[in-house]
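Spelled out from the first residue to the last, the chains are:
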Amino acid sequence: MNLPPRELPHWADVALVPVASVATAFIAAGLVVLAIGENPFECLKILLQGALGSGEGIGFTLYYATNFIFTGLAVAVAFHAGLFNIGGEGQAYVAGLGAALVALWFDSTLPAIILLPLGVIASALFGAAWALIPAWLQAKRDSHIVITTIMFNFLAATLMVYLLVGPLKPMGSMAPDTRSFAASAALPTMQGMLGAIGLKIPASPLNISFLLALVMAALVWLLIWRSRLGYEIRAFGFNPEATRYAGISATRITIVTLLISGGLAGLMSANEILGVQHRLSLGFVSGYGFVGIAVALMGRSHPVGVVLASILFGVLYQGGAELAFDKPAITRDMIVVIQGLVILFAGALERQFRAPLTAIFGRRPTRAETQAATS
Amino acid sequence: MTLTDVALILASALRLSTPLLLACLAGLYSERAGIFNIGLEGMMLGAAFAAAVTATQTQSAGLGLLAGLIVGVLLALVHAFASITQRGNQIVSGVAINTLAIGLTAVLGNAWYKEGGRTPPLPANVRFQTIELPYAASLRDTPVVGPLYSDLLSGHYIFVYVALLAVPFTAFVLNETRFGLRLRAVGENPAAVDTAGVSVERMRYLALVCCGLLCGLAGTYMSTAQSASFVTEMTAGKGFIALAALIFAKWRPWGALGACLLFGLLDAFAIRLEGATLPLIGQAPVQAIQALPYLLTVVLLAGFIGRAIPPKAGGVPYVKERR
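None of these values were measured; they are calculated from a predicted model.

Peer 1: Is there a simple way to explain the overall build of chain A in this structure?
Peer 2: From N to C terminus, chain A includes 16 helices and zero strands. Relative to the globule expectation of 21 Å for 375 residues, the C-alpha radius of gyration of chain A, 22 Å, shows essentially globular dimensions. The dimensions of chain A, computed from C-alpha atoms along their principal axes, are 80 × 55 × 40 Å. A burial count over chain A gives 54% of its 375 residues as buried. Restricting the contact set of chain A to residue pairs at least 6 apart, pairs at least 24 apart contribute 77%. A total of about 16,300 Å² of accessible surface is found on chain A, and carbon and sulfur atoms cover 68% of it. Side chains of chain A give 21 positive and 17 negative charges; the mean places of these two sets differ by 10 Å.

Pasting the structure below:
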């Protein structure tokens, strides 16, 4: 009888593989820093100091992390259904339009307590709507979701240019922005909320969206692992053919999953537009949607992993800004390099790390386990 | 509008569609061999940067071209290693290459030249020059032939002619040679090729080398011929438009030429229409024309104007059956 192949224990699979691949990505990034003629360790120190060394730095780090949690969860949910939603960037961009329209129309008439939830819901709905057409095309017409969502990213970008240099631009303004919203359309800041209960923290863009992001991470966990729909999503991702025989509608799962994914990506705009910028401007998504891909791969599509990976990317964004300030040779594009390396090592080359780790930690399942798994 | 105007618009369309056509054919080699490739954008960008930097440092356009080709192939080999040897997700690998190229070119460009990622402008003698076809000047005033030959066909960079020649060449290679037959076969039915004793992995690696060379040409054209320096993210989505064109072309070389010329023409119109007033529509938003290639691709993918059927084995790593 053939022995079953050696398997990597679960703890190593969820912890060691990502850590090894991310570590490799950082070593490679260190080599790039070295090639520029800077000291990677000194840079790392500046980066960590800038991101975590002060209350303000931590606030900024978590504010960036908020965006990544939303876009990362968006990619992760779709991954569970075996769908690659590469359109988070476009979905978040159009979602900003939803949030902005609510704010522009109602900021002088509705009180904040109604206006803000409405704005947040609008951002999720617009994000979901921008995912709906690719979702429908994938489910009904068998068009490849990756290509359609890429096209929809470009369509979103051209649509927003049209709106922001035309209809949405206030009269007499040159900048491609909407007017600033009234104060009633601004999400409460963390500083304000904690100040109300007597806790003083330094000013930063961190706002209530961060809590919303954590709630969403918890809801995604409940959805994927504790709900019937989540079970169907995972089953579909694992084997679409088999789910068809089990009576699960592929059309329904594809569309529902991508709507959830688009909605989550859209919530990013609540943080940016309603929480921080208080107006809609050209290109405000600036790559956060794509970082979601790295975050989901790094977090292995698990909400806890996504939150941790988001905080790491938050550190990179905030620390990277400080680093660019201290070391003019290293621009913030260094973050994009690290992002690319993470996607490469944690995503495309993941097997690379699995084989040696299996050789070290792997064990063969016992006969009882094999029987239990196959029965 | 005179024939000369038409010829000039077409000539501008030809110039604009050249990087698309090269990238589209690059994608064709890769995808016909069964490897999805959304990393075309990154391969072009990396090549454009390498070509501009090398041309600046060595003051030689030829060495710039060489560097562009090398970097194009190297990035294609990264994609090959990830998706063939490591059997990784081809989409993820493509995204990684795009992201890496955007980041690395910006970081290195800024570190080396300190001009926000831009490379120094290349002097005319280091830049590729346009080529006047024989008798172009003397034929210019001849009616009909003059505009078509002298204004439309003559006076382009060598890359334009190479791209045009690459179409029949690719069609020949793909349809008439053993290499082409095997290449198409590994994209449709790799197991059959494997059974015939041909290495699927080797064929796919070769296909990606072809892909890298063509992306290298496209990138070099952009930074050392079309413009005289590298600018960050100068590919501006051309890699993705090339993918869209590939779908339009139904993964065929002549179709690629048609689709790329169409997209190039749209681009040329968008540039000319900026601010112009049209009969019936009034002032058309330029964005509407810019959005057309993306929109058309979505409509095509939805199967509303003919069906685009990709190579069957595309995106699936080939696993040799255990013996």
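Still more ground to cover, so stick around.
Peer 1: Before we go on, may I ask you to explain the overall build of chain B in this structure?
Peer 2: When you go through chain B residue by residue, the secondary structure sums to 13 helices and four strands. On C-alpha atoms alone, chain B measures out to a radius of gyration of 20 Å, which is about the 20 Å that the 2.2 N^0.38 rule sets for 323 residues. With the principal axes as the frame, chain B shows a C-alpha extent of 70 × 50 × 40 Å. Within chain B, the proportion of its 323 residues that are buried is 56%. Sequence-distant contacts, at least 24 apart, represent 77% of the contacts inside chain B between residues at least 6 apart.

Peer 1: How should the layout of surface pockets be read in this particular structure?
Peer 2: Empty space left among the atoms is revealed by rolling a probe the size of a water molecule over them. Quantified by volume, the second largest pocket comes out at close to 1,200 Å³. As for the second largest pocket, its lining consists of 36 residues, and the residues nearest its centre are A:E89, A:G287, A:F290, B:I102 and B:E233. Of all the secondary-structure elements, those providing two or more residues to the lining of the second largest pocket are α4 (88-106), α6 (145-165), α12 (288-298) and α14 (333-348) of chain A together with α2 (40-58) and α4 (90-113) of chain B. Residue contributions to the lining of the second largest pocket peak at five residues, all from α6(A).

Peer 1: In this structure, what is going on with helix α15 (residues 350-361) of chain A? I would like to understand it.
Peer 2: Along an α-helix, residues three or four positions apart point the same way, because every turn accommodates 3.6 residues. With twelve residues, α15(A) should cover 16 Å at 1.5 Å per step; its first-to-last C-alpha distance of 16 Å lies within 8% of that length. In this fold, the buried residues of α15(A) make contact with α1 (10-36) and α14 of chain A.

Peer 1: How should I be thinking about the side chain of B:N37 in this particular structure?
Peer 2: In this structure, B:N37 sits in the loop between α1 (3-32) and α2. Overall, the relative accessible area of 0% leaves B:N37 in the buried class.

Peer 1: Teacher, can you tell me more about the pattern of salt bridges here?
Peer 2: When the charged atoms of two side chains with opposite charge come close together, those side chains can pair. Residue and element names in this part refer to chain A. Enumeration over the complete set of coordinates arrives at ten salt bridges over all chains. Between K327 and E38 there is a salt bridge, and its shortest N-O distance comes to 3.3 Å. With K327 in the loop between α13 (303-326) and α14 and E38 in the loop between α1 and α2 (40-52), this residue pair connects regions lying 289 residues apart in the sequence. Overall, K327 belongs to the buried group, its relative accessible area being 14%. Among the salt bridges present, the one from E350 reaches R354, with a minimum N-O distance of 3.2 Å. With E350 and R354 both in helix α15 and four residues apart, the pair spans about one turn of that helix. On the accessibility criterion, E350 (18% relative accessible area) is buried.

Peer 1: Just to check I follow, could you spell out the nonpolar core for this structure?
Peer 2: The nonpolar side chains of soluble globular proteins are, as a tendency, buried together. If you look at the biggest cluster of nonpolar residues, it comprises 212 residues, and the most contacted ones within it are A:I86, A:L280, A:F313 and B:I38. Looking at this core element by element, the count peaks at 13 residues for helix α10 (residues 200-226) of chain B. Setting aside its immediate chain neighbours within four residues, A:L280 contacts A:G96, A:L97, A:A100, A:M160, A:L164, A:L168, A:P176, A:D177, A:T178, A:F181 and A:I273.

Peer 1: Honestly, the packing of aromatic side chains in this entry has me stumped. Any pointers?
Peer 2: What describes a pair of aromatic rings is the distance from one ring centre to the other and the angle between the planes of the rings. All names here are of chain A. Overall, the coordinates contain 20 aromatic pairs over all chains when judged by the stated rule. Taken together, a centroid distance of 5.8 Å and an interplanar angle of 35° make the contact between Y288 and Y317 tilted. Taken together, the positions of Y288 in helix α12 and Y317 in helix α13 put the pair 29 residues apart, joining distant regions of the chain. The pair Y288 / Y317 is uniform in exposure class, with both members buried. Members of the aromatic cluster, connected to one another through ring pairs, are F60, Y63, Y64, F68, Y288, F313 and Y317. Just above the ring of Y245 sits the side chain of R244; from NZ or CZ to the centre is 5.4 Å.

Peer 1: I'm lost on α1(A) in this one. Help?
Peer 2: Residues and elements named next belong to chain A. Its 27 residues give α1 an end-to-end C-alpha distance of 39 Å, which sits within 8% of 39 Å, the value for a rise of 1.5 Å per residue. Within α1, the axis deviates most sharply at L16, by approximately 30°, and proline P18 lies no more than four positions further along. Downstream of α1 by one or two residues, G37 has phi in the positive range, about 95°.

Peer 1: Is there a simple way to think about the interface of chain A and chain B in this case?
Peer 2: Where interface size is quoted, it is often the accessible area lost as the parts come together. Chain A puts 41 residues into the contact, and the matching count from chain B is 42 residues. Both sides of the chain A and chain B interface together cover about 3,500 Å² of buried area, and 79% of this is carbon and sulfur. Along the contact surface separating chain A from chain B lie zero salt bridges. On the surface where chain A and chain B come into contact, there are five residue pairs in polar contact (both at pLDDT 80 or more). Taken together, the elements giving at least two residues each to the side of chain A that touches chain B come down to α1, α5 (112-141), α6, α12, α14 and α15 of chain A. At twelve residues, α6(A) tops the list of elements feeding residues into the side of chain A that touches chain B.

Peer 1: Mind showing me how you'd approach the packing of helix α3 (residues 61-85) of chain B against α10(B) here?
Peer 2: The geometry of a pair of packed helices is captured by two quantities: the angle between their axes and the separation between those axes. All names here are of chain B. Packing of α3 against α10 brings their axes to within 7 Å, and their N-to-C directions diverge by 145°. In the crossing of α3 with α10, the sense of the turn from one axis to the other is right-handed. For the contact of α3 with α10, a count of residues per class yields 13 nonpolar, eight polar and two charged.

Peer 1: Which parts of the structure should I look at to understand the side chain of A:T71?
Peer 2: All names here are of chain A. Here T71 shows up in helix α3 (residues 55-80). Within the structure, T71 has its side chain in polar contact with the backbone oxygen of F68 (distance 3.5 Å). Setting aside residues no more than four positions away along its own chain, T71 makes contact with M268, Y288, G289 and G292.

Peer 1: Just to check I follow, could you spell out the environment of B:T18 for this structure?
Peer 2: Residue and element names in this part refer to chain B. Residue position: T18 is located in helix α1. Among the residues examined, T18 registers a relative accessible area of 3% and is labelled buried. Separated by 200 residues in the primary sequence, T18 and A218 place their C-alpha atoms 7.5 Å from one another. Excluding residues that lie within four positions of it along the chain, T18 makes contacts with F159, V160, A163 and Y221.

Peer 1: Where do I start with a nonpolar patch on the surface in this structure?
Peer 2: A contiguous nonpolar patch, built from A:L132, A:I133, A:W136, B:V299, B:F304 and B:I305 and spanning about 520 Å² of accessible area, is present on the exposed surface. At three residues, α5(A) tops the list of elements feeding residues into the nonpolar patch. Relative to the helices and strands, A:L132 resides in helix α5.

Basis of the calculations
Residues numbered from 1 in each chain as written. Chains lettered and ligands numbered in written order. Predicted model: local features only at pLDDT ≥ 70, side-chain atom pairs only at ≥ 80, totals over all residues. Heavy atoms only, no water. Helix = DSSP H or I, 4+ residues; strand = E, 2+ residues; numbered from the N terminus. Rg over C-alpha atoms; globule rule 2.2 N^0.38 Å. Buried < 20%, exposed > 50% of the residue type's maximum accessible area, 1.4 Å probe, protein only. Contact = heavy atoms within 4.5 Å. Areas by Shrake-Rupley, 256 points an atom, 1.4 Å probe, with all protein chains shown as cover. Lys, Arg positive; Asp, Glu negative; His and termini not counted. Charge placed at Lys NZ, Arg CZ, Asp CG, Glu CD. 1 Å grid on protein atoms, 1.4 Å probe; cavity = no way out; pocket = protein on both sides within 12 Å on 5 of 7 lines; lining within 4 Å. Points joined across faces, edges and corners; volume = space filled by probe spheres on them. Expected span 1.5 Å × (residues − 1). Salt bridge = Lys/Arg side-chain N within 4 Å of Asp/Glu carboxyl O. Core = buried A, V, L, I, M, F, W, Y, C linked by side-chain atoms within 4.5 Å. Phe/Tyr/Trp six-rings, centres within 6.5 Å; stacked < 30°, edge-to-face > 60°. Lys NZ or Arg CZ within 6 Å of the ring centre and 35° of its normal. Bend = angle between axes of the 7 residues up to and from the residue. Buried area = accessible area lost by both parts, 1.4 Å probe. Polar contact = N/O pair within 3.5 Å; in protein donor to acceptor, adjacent residues only side chain to side chain. Axes fitted to C-alpha atoms, helices over the stretch in contact; angles between N-to-C directions. Left-handed = near helix turned anticlockwise from the far one by under 90°. Nonpolar A, V, L, I, M, F, W, Y, C, P; charged D, E, K, R; others polar. Patch = residues over 30% accessible without salt bridge, like charges linked within 9 Å, V, L, I, M, F, W, Y side chains within 5 Å.

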